[in-house]
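# Structural characterization, general
Okay, here's what each chain looks like letter by letter:
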Amino acid sequence: MHSFPQIHPGALNYAIPAPESREETRNAARKLAFWFGVGLVFVRFSMLNEMLSYLIGHNFYLLYFFGIPALLGLLVSGGIARVLRERAAILWLCFGTWAVITIPFSIWRGGSAHTVWSYWKTELIMIFVIAGATRTWRECRILMLAIAAAATVNLLTSRLFGQVEMNGRRDLDFGTVANANDFAGHLLLVLPFLVWVALSCKSLILRLAALGGLSYGVYLVLASGSRGALIALAIDFLFFTFAARRPYRLGLWLLAPVIVIIALTVLPGSVVNRLESFSSSQSGASDEALASSEARQTLLRDSIIAALRNPIFGIGPGQFVTSEGTREELKGTGAYWGGAHNSFVQAASECGIPALLFYVAAIWSSWRLLKILGRRTSNRPQLLGATNAGFCIRLSIIGFCTAVFFLNFTYTFYLPAMTGLAIALASAVHVDRNDRTEILKG
């Protein structure tokens, strides 16, 4: 009879890692994913990659440099599975999946496939990068600071590379948000993170610097001449008035009038006139602003009609511009190749009503998660840092959603990133509930 060689049990450890070893590997992978994720968040919000490409004329592919290691770390650590337990993340994935389903029904399948692939590859992944790797309150603070730092870079970028149009409006000389309206929408998302620094940082110097940056940021939003951004600022003011803690409200009421008075004094008269031009019945209304409003109303009407005529699958992701321009050329009225200028209606017209429902539900689910978090932490002084963070993220979402009601931002990373941050914050408060030491430092 043949005898089988004896294998010592300890030798199996080389083939099957012990539970402790597997956990250490996952933890190391998660930390790697987190720090690369912080780098990706900073690059995306600061537009650093676009700025370097503009200055040097070379693409450094920073999104790939930070994004690929972050995703690999998430795969090893199981971070993606954790994110998929959250309703808001699932709703965003449903929106992205429905966009994929609509491609065969698009008026230009190749263009829609490119739009959807770009959305999945560089925009939607921000949910996983942020929520999947962030587990503690300290890590949430680092992410919040990264976005605040990115906002500071945005302000410096506008100062160094901004330009003034013939009508006095300020915009950027490069990038995906070079348009004055788009840059104002971007600022409305990131400025609340400077609010968070002013509310939560212990350093008086940093608080004053944050308030200075916030004031300059508000000026830039107004200097863009965007009436949609002006409405968004008003909504932010109302939300802060009714939702913030009383000491913060008093500070806003003292600071806001000063900022507005200074801004109106410094702004060119043409920009102030444009901001005031909402109706042709107004005497002295800006002709350019009224013409812009008329064009946007036409585009909005056409996009609603497109959504009603194609309620299930839409006309194809990213194809409203093509549809509108082609239709006007066939009519012989002269093509106007413009987007819907409403991110919500754009989702409905290009991907159908189901996509709009997923889009709105994902935003609402993120908002509700933050609202519940605020309700549970508001009466606990030791959780003030988390309360302030949740409040400022909500301030960012409500202002940005108001702004994108007038912008084409449907397939961008901004709102998925805010969802990821909301999930991370809720998870961090839960993880640290038995160890308040980190939260007490908030």
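Summarised in this report is the structure supplied together with it.

Calculation rules
As a convention, each chain's residues are numbered from 1 in the sequence order in which they are written. For this predicted model, a pLDDT threshold of at least 70 governs which residues receive local features, and a threshold of 80 or more governs which side-chain atom pairs are given and counted, while totals over whole chains, interfaces and linings are taken from all residues. The side-chain values count all of the structure's non-hydrogen atoms but skip hydrogen atoms and water molecules. Under the DSSP-based scheme used, a helix requires at least four consecutive residues in state H or I and a strand at least two consecutive residues in state E, with every element numbered from the N terminus. Helices are assigned an expected span. That span is 1.5 Å times one less than the residue count. When a residue's accessible area, from a 1.4 Å probe over protein chains only, is under 20% of the maximum for its type it is buried; when over 50% it is exposed; and in between it is partly exposed. Two residues qualify as a contact provided that any one of their heavy atoms is within 4.5 Å of a heavy atom in the partner residue. Stacked, tilted and edge-to-face are the three classes applied to pairs of Phe, Tyr and Trp rings, where Trp contributes its six-membered ring and a pair requires centres within 6.5 Å; stacked means planes under 30 degrees apart, edge-to-face means over 60, and tilted covers the rest. A patch consists of residues exposed above 30% relative accessible area that lack any salt bridge, with like charges linked at up to 9 Å and nonpolar side chains (Val, Leu, Ile, Met, Phe, Trp, Tyr) linked at up to 5 Å. Surface exposure here means Shrake-Rupley accessible area, sampled with a 1.4 Å probe, where a residue is shielded only by the protein chains that are shown. We define a salt bridge as a contact between a side-chain nitrogen of Lys or Arg and a carboxyl oxygen of Asp or Glu at a distance within 4 Å.

The subject of this paragraph is helix α12 (residues 246-266). Relative to the 30 Å expected for 21 residues at 1.5 Å per residue, α12 spans 31 Å between its end C-alpha atoms, a close match to the ideal helical length. Within α12, the full set of buried residues consists of Tyr 248, Arg 249, Leu 252, Ala 256, Ile 259 and Ala 263. On its buried face, α12 is in contact with α9 (180-200), α10 (204-223), α11 (227-243) and α18 (384-403).

This part is about the packing of aromatic side chains. Here a ring pair, both rings aromatic, is described through the centre-centre distance and the interplanar angle of the planes. Tallied over the entire structure, the rule returns 29 aromatic pairs. Relative to Tyr 219, the ring of Tyr 216 lies with its centre 6.1 Å away and its plane at 25 degrees, an arrangement referred to as stacked. Placement of both Tyr 216 and Tyr 219 in helix α10 is noted, with a separation of three residues, approximately one turn of the helix. Judged by its relative accessible area of 24%, Tyr 216 is partly exposed. Here Phe 344 and Phe 405 contribute two aromatic rings whose centre-to-centre distance is 6.2 Å and whose plane-to-plane angle is 45 degrees, an arrangement assigned as tilted.

A cluster of nonpolar side chains, Tyr 61, Tyr 64, Ile 68, Leu 72, Leu 75 and Val 76, forms an exposed patch at the surface whose accessible area comes to about 620 Å². Relative to the helices and strands, Tyr 64 resides in helix α3 (residues 62-77).

To continue, consider unusual backbone geometry. Backbone geometry follows two general trends: most residues other than glycine have a negative phi, and most peptide bonds adopt the trans configuration. Phi is positive for Met 47, close to 60 degrees, though the residue is something other than glycine. Assignment of secondary structure puts Met 47 in the loop between α1 (19-46) and α2 (48-56). At His 341, a residue that is not glycine, the phi angle is positive and equals roughly 55 degrees. Structurally, His 341 is set in the loop between α15 (320-331) and α16 (343-351).

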